[in-house]
Amino acid sequence: MSHERHLVVFSGAGLSADSGIATFRGARGLWEEHSIDEVCNFETWERNRELVHRFYNARRVALAGVAPNPMHRLLADWQRRFRTTLITQNIDDLLERAGAMEVLHVHGVLTEMRCLDCGSVWDIGATAWDPARDRCPDCGSGERVKPNVVFFNEPAPLYGPMSEAFGALGPDDVLVVIGTDGAVVPIGAMAERLRCHKVLNNLEPVEPEHFVPGMVHPRQFDRVLYRPAAKATGELDEIVTAWMAAWSGSGL
Ligand SMILES: [Zn+2]
């Protein structure tokens, strides 16, 4: 019996931080300037339509000025070399621009708009959306068009496929977690339960006083690399390549 090993990579803001994309949370995070309720709450966004669009327009237009970093390119390369599922919380398109063929964006895609009236999703690239003039190309709605980014209190339809990918990991498979503390998606709790090869790359450990259940902790992983993602590519590639290549069959 042969089993093609499966590599699952789960990434967060730390992956794109080295490309100059500001993180949403934390010191100087984008949400420091606005309350989450103003720009990222599904229940209230229509009251703040102008601000919501201004906020995401700025993020989207800024995409034109940033480029993938070496870690984006390594993940895209893994997808060519191994059976790889790339799952990201990031809404930027840097993995795609690095050559990734398929990416599960569990929190949506910044370059897309979505119409809540007819369900259409379409790409507008790194351009601004003018809520006064622009309309849904399918039904003409203007009021109910939002960035295709998952807001708080909004269903995240890709959480299902994400959980399936984690749940299917067997003892010979590999989980790589990059650039997330597990505050939003509890990847630490997930990693703790999984019996596979596991490696974490984060800038630094979660400080004990900030730790809540679900967050990442070194005890959940076989290997831990604390450094910027773009500077971890060499060692991470060695670790993952060794795990993906190791012979585990019985007999010869
Ligand atoms: Zn529509």
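Every value quoted in this text rests on a predicted model; they were computed, and no experiment measured them.

Conventions and cut-offs
Residues numbered from 1 in each chain as written. Predicted model: local features only at pLDDT ≥ 70, side-chain atom pairs only at ≥ 80, totals over all residues. Heavy atoms only, no water. Helix = DSSP H or I, 4+ residues; strand = E, 2+ residues; numbered from the N terminus. Rg over C-alpha atoms; globule rule 2.2 N^0.38 Å. Buried < 20%, exposed > 50% of the residue type's maximum accessible area, 1.4 Å probe, protein only. Axes fitted to C-alpha atoms, helices over the stretch in contact; angles between N-to-C directions. Parallel < 35°, antiparallel > 145°, perpendicular 65-115°, else oblique. Left-handed = near helix turned anticlockwise from the far one by under 90°. Contact = heavy atoms within 4.5 Å. Nonpolar A, V, L, I, M, F, W, Y, C, P; charged D, E, K, R; others polar. UniProt positions renumbered as here; feature names shortened; annotations may be inferred. Salt bridge = Lys/Arg side-chain N within 4 Å of Asp/Glu carboxyl O.

**Q** Quick question: what am I supposed to make of the overall build of the chain here?
**A** Within the chain, the secondary structure is distributed over 8 helices and 9 strands. Taken over C-alpha atoms, the radius of gyration comes to 19 Å for the chain, in line with the 18 Å a tight globule of 252 residues would show. C-alpha atoms of the chain, sized along the principal axes, occupy 65 × 40 × 30 Å. With 252 residues in all, the chain has 48% of them scored as buried.

**Q** Looking at this structure, I do not really get the packing of helix α4 (residues 70-81) against helix α8 (residues 233-245). What am I missing?
**A** The angle between the axes and the distance between the axes are what describe a pair of packed helices. Remark: α4 packs on α8, axes separated minimally by 10 Å, with the N-to-C direction vectors making an angle of 20°. Judged on the interaxial angle alone, α8 and α4 are roughly parallel. Along this stretch, α4 crosses α8, giving a crossing that reads as right-handed. Together, Pro-70, Met-71, Leu-74, Trp-78 and Arg-81 of α4 and Thr-233, Leu-236, Asp-237, Val-240 and Thr-241 of α8 make up the contact between the two elements. Grouping the amino acids of the contact of α4 with α8 by side-chain chemistry returns 6 nonpolar, 2 polar and 2 charged.

**Q** For this particular structure, what's the right way to read the UniProt feature "binding site: Zn(2+)" (unreviewed entry) in the chain?
**A** Sites flagged by UniProt as "binding site: Zn(2+)" (unreviewed entry) map to Cys-115, Cys-118, Cys-136 and Cys-139. A maximum C-alpha distance of 8.7 Å places the annotated residues, which cover 25 residues in sequence, within one compact spot. With respect to the helices and strands, Cys-115 occurs in strand β4 (residues 108-115). A relative accessible area of 1% places Cys-115 in the buried class. The residues touching Cys-115, leaving out its near neighbours within four places in the chain, are Ser-120, Trp-122, Cys-136, Cys-139, Ser-141, Arg-144 and Val-145. The class for Cys-118 is partly exposed, based on a relative accessible area of 37%. Ignoring any residue separated from it by four or fewer positions in sequence, one finds Cys-118 in contact with Cys-136, Asp-138 and Cys-139.

**Q** Quick question: what am I supposed to make of the UniProt feature "active site" (unreviewed entry) in the chain here?
**A** Following the UniProt record, one finds the feature "active site" (unreviewed entry) at His-107. Turning to its location among the elements, His-107 is positioned in the loop between β3 (103-105) and β4. Dropping the residues within four chain positions of it, His-107 is found in contact with Thr-88, Gln-89, Ile-91, Asn-148, Val-149, Val-150, Tyr-159, Val-184 and Val-185.

**Q** What am I meant to see in the pattern of salt bridges here?
**A** Oppositely charged side chains may form a pair once their charged atoms are brought near each other. This model, assessed by the stated rule, comprises 12 salt bridges. For Glu-143, the salt bridge identified is with Arg-49, shortest N-O distance 3.4 Å. You can see Glu-143 sitting in the loop between β5 (121-123) and β6 (145-149) and its partner Arg-49 sitting in helix α3 (residues 49-62), a full 94 residues away along the chain. Between Glu-235 and Arg-223 there is a salt bridge, with its nearest N and O atoms 3.4 Å apart. Residue Glu-235 is found in helix α8, and its partner Arg-223 is found in strand β9 (residues 223-226); the two are separated by 12 residues along the sequence. Residue Glu-235 is classed as partly exposed on the basis of its relative accessible area of 29%. Arg-223 gets classed as partly exposed once you look at its relative accessible area, which sits at 34%.

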